[in-house]
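Residue-level structure breakdown
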Amino acid sequence: MKYAFFPGCSLESTARDFQMSTLAVAQALGIELQEIPDWSCCGSSPAHSTDALLAASLPARNLAAARRLEKDVVVCCAACYSRLAAANKALADDENLRIEVSKVIGEMYGGTVRVRHFLQVLREDLGIAEIRKLVTRSLGGLRVACYYGCLLTRPRELSIVSDPEDPQLMEELLAAAGATPVEWPFKTECCGASFSITRTDTVKRLSGEILKMAKESGADCVVVACPLCQNNLDLRQADIAAAIGKEIGLPVFYFTQLLGRALGLSDEALGIGKLMTSPEKVLAR
Amino acid sequence: MSKATLHSIDSAFLLEMDPDGRLNLASCLQCGRCSSGCTMRLETDILPHQLNRMVALGLTEQMLSSKAIWACVSCHTCVSRCPMKVDTPTLIDRLRQKAKAAPKEMDRVRIFNEAFLASVRRFGRVWEFGLMAAYKTRARDFFSDLGKLPAMLRKGKLSLLPPPKGARKAVATIFNRTIGKRRAAK
């Protein structure tokens, strides 16, 4: 199984552990991820808030480069996935946009490459049953609150899950790895995302509600598939705990980190040490 | 909020915001499902279903000067739950693109967008360390989160060096051909 890989800016910095664990898991599962040469930023929220043509052209340049690799594009960052998939669909649907974008990026690209999140590849191409067979170190009933946030589930046309209000994709995957997913109602609430820097109090309120609910639902940890969610729930957790005057103590893993552990990979290879909220206690059980 | 009268209704703005009808703005039933699920419902000044009606009434200035268009976090809960598939997030994008300025309390969002795009324009990718420095200078927000810096550097979550050069030229061209010399978020 070979794919064109779009890491995105976060996976090279704040989400370096997501990148490390993704590459390690892919290798262990026999999935080849070929990085798109000289990939560039997807534009994220600032681009679509500023100019529609810019917001379509930045992803289009990367998708056109991926087309030359003749493989599906795999993305891990939820924001990059959302921007690439949205631009891809817009280019496929709108001829005028296609022509305008071709003038900007210097080639015609018609939204023909398939853009997929790594979770989709694991379930659809490899399969949960196959993954279960490769588990060498069960997660031992670790109670996980799978948290999807916004950009993997909405809007419906771009959703990687069949039910955007109650997704089960990460639950199925982690159950195969020996975890016990908890039932909880906030898995698609918004953490405040890109307001982390500009409206930190908003993010603390929204992320605080999510962490409190995960805790009340009996989770040992939270599992995410988005660098923005991970940052807001992990990096800001100590501040949130101080503000509500209660200990939270919920490590926030990327799904690839827990899956990697179940596949017998080392904590070092998975970047477990880069988490801010210490996972030692829950992993020692 | 000022009142619209029968004679003041101006559909030109609706057509400008949704020229080919793809956003389904004219289909809004005012059921309020979008607003009850809105992530920012406690902090915004105009709720999504109100925006959808205001655009139909042509209340252009009130929308462009609102806090709401900058408070939107683009979570897409509104459009996902809408029975008529009214694409409020794209309407809000178009309003932000058209707005000349943001209200004072929301200006940090606009400044961040501008600093983010400046980083992409220059380096082809976001250089987070440089972005934070640029944002903090422009927003005059020097001290927040400084305490997190040592741990982030130690854990390799922020790089003091900018990203590799490979994509810079092509991305600079994309910026020149789209938003041109115009400053990012204006």
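Here's what I pulled together on the structure shown here. (Residues numbered from 1 in each chain as written. Chains lettered and ligands numbered in written order. Predicted model: local features only at pLDDT ≥ 70, side-chain atom pairs only at ≥ 80, totals over all residues. Heavy atoms only, no water.)

Let's talk about the side chain of K155(B)
Tracing the backbone shows K155(B) in the loop between α10 (149-154) and α11 (168-178). Within the buried core, K155(B) has no salt-bridge partner, and the shortest N-O distance to an opposite charge, that of D234(A), equals 7.6 Å. Only 3.2 Å separates the side chain of K155(B) from the backbone oxygen of L275(A), close enough to count as a polar contact. Those residues in contact with K155(B) that lie beyond four places of it in its chain are G273(A), K274(A), L275(A) and M276(A). (Helix = DSSP H or I, 4+ residues; strand = E, 2+ residues; numbered from the N terminus. Buried < 20%, exposed > 50% of the residue type's maximum accessible area, 1.4 Å probe, protein only. Lys, Arg positive; Asp, Glu negative; His and termini not counted. Salt bridge = Lys/Arg side-chain N within 4 Å of Asp/Glu carboxyl O. Polar contact = N/O pair within 3.5 Å; in protein donor to acceptor, adjacent residues only side chain to side chain. Contact = heavy atoms within 4.5 Å.)

Considering the environment of T188(A)
All names here are of chain A. With respect to the secondary-structure elements, T188 resides in the loop between β6 (180-181) and α9 (200-216). With relative accessibility at 6%, the residue T188 sits in the buried group. Spatially, the C-alpha atoms of T188 and L152 are 9.0 Å apart, while their sequence positions differ by 36 residues. Discounting residues that sit within four places of it in the chain, T188 has contacts with Y148, G149, T153, R154, P164, E165 and P167.

Remarks on the sheet that holds strand β1 (residues 2-6) of chain A
Backbone-to-backbone hydrogen bonds join strands into a sheet, with any given pair of strands oriented parallel or antiparallel. Residues and elements named next belong to chain A. Pairing is parallel in the open sheet, where 4 strands are placed in the order β2-β1-β3-β4. Strands at the two margins of the open sheet, each flanked by one partner only, are β2 (32-35) and β4 (115-117). On average, each strand axis in the sheet is inclined to that of its neighbour by 45°, with strand direction left out of account. Looking at chain direction, β1 and strand β3 (residues 73-75) are connected through 3 bridges and run parallel. The residue of β3 that forms the bridge with F5 is V74. In the packing of helix α4 (residues 78-93) onto the sheet, contacts are made with β1, β3 and β4, and the angle to β4 comes to roughly 155°. (Pairing = 2+ DSSP bridges. Axes fitted to C-alpha atoms, helices over the stretch in contact; angles between N-to-C directions.)

Regarding the pattern of salt bridges
In a structure, side chains of opposite charge can pair up when their charged atoms sit close to one another. For the structure on display, the rule yields 31 salt bridges over all chains. Of the charged contacts, one joins K157(B) and D17(A) as a salt bridge, the two residues approaching to 3.4 Å between their closest N and O atoms. Separated into two different chains, K157(B) in the loop between α10 and α11 and D17(A) in helix α1 (residues 16-28) make up a pair that spans both. D17(A) carries the same exposure label as K157(B), and that label is buried. E105(B) is paired through a salt bridge with K67(B); the nearest N and O atoms lie 3.8 Å apart.

Thoughts on the packing of aromatic side chains
For any two aromatic rings, the description comes down to two numbers: the centre-to-centre distance and the angle of the planes. Residues and elements named next belong to chain A. Throughout the structure, instances matching the rule amount to 10 aromatic pairs over all chains. A ring pair is formed by F18 and F255, whose centres lie 5.9 Å apart and whose planes are at 80°; its orientation type is edge-to-face. Of the two residues, F18 sits in helix α1 while F255 sits in helix α12 (residues 255-262), which places them 237 residues apart along the sequence. For the residue pair F18 and F255, the accessibility class agrees, reading buried in each case. Judged by centre distance (6.2 Å) and plane angle (50°), the rings of Y147 and W184 are tilted. (Phe/Tyr/Trp six-rings, centres within 6.5 Å; stacked < 30°, edge-to-face > 60°.)

A look at the side chain of Q230(A)
Locating Q230(A) in the fold gives a position in helix α10 (residues 227-235). Looking at Q230(A), its side chain comes within polar contact range of the main-chain oxygen of V252(A), at 2.9 Å. With sequence-adjacent residues up to four places away left out, Q230(A) is seen in contact with V224(A), L235(A), V252(A), Y254(A), L275(A) and K157(B).

Focus on a nonpolar patch on the surface
All names here are of chain B. Taken together, the side chains of F142, F143 and L146 present a nonpolar region at the surface, about 340 Å² in accessible area. Structurally, the position occupied by F142 is in the loop between α9 (128-139) and α10. Taking the relative accessible area as the measure of exposure, F142 reaches 38% and is therefore partly exposed. (Patch = residues over 30% accessible without salt bridge, like charges linked within 9 Å, V, L, I, M, F, W, Y side chains within 5 Å. Areas by Shrake-Rupley, 256 points an atom, 1.4 Å probe, with all protein chains shown as cover.)

Re the pairing of strand β5 (residues 143-146) of chain A
Note on strand geometry: in a regular strand, side chains alternate between the two faces of the sheet. Residues and elements named next belong to chain A. Note that β5 and β6 share 2 bridges and pair parallel. Paired with V144 across the bridge in β6 is P181. A crossover connection joins β5 to the parallel β6 through helix α8 (residues 169-176); in handedness this β-α-β unit is right-handed. In terms of strand pairing, β5 meets strand β7 (residues 221-224) through 3 bridges, oriented parallel. Paired with V144 across the strands is C221, a residue of β7. (Right-handed = clockwise from strand over helix to strand, strands pointing away.)

Some remarks on the sheet that holds β5(A)
Residues and elements named next belong to chain A. Strands sit in the order β6-β5-β7-β8 across an open sheet of 4 strands; the sheet is parallel. Two strands lie at the open edges of the sheet, namely β6 and β8 (252-254), each paired on one side alone. Two elements, β7 and β8, share 3 bridges in a ladder whose sense is parallel. By the bridge assignment, V222 is partnered in β8 with V252. Contacts between α8 and the sheet are confined to β5, β6 and β7, with β5 contributing the most and set at about 160° to the helix. In this fold α12 packs onto β5, β7 and β8, with an angle of close to 75° to the strand it touches most, β8.

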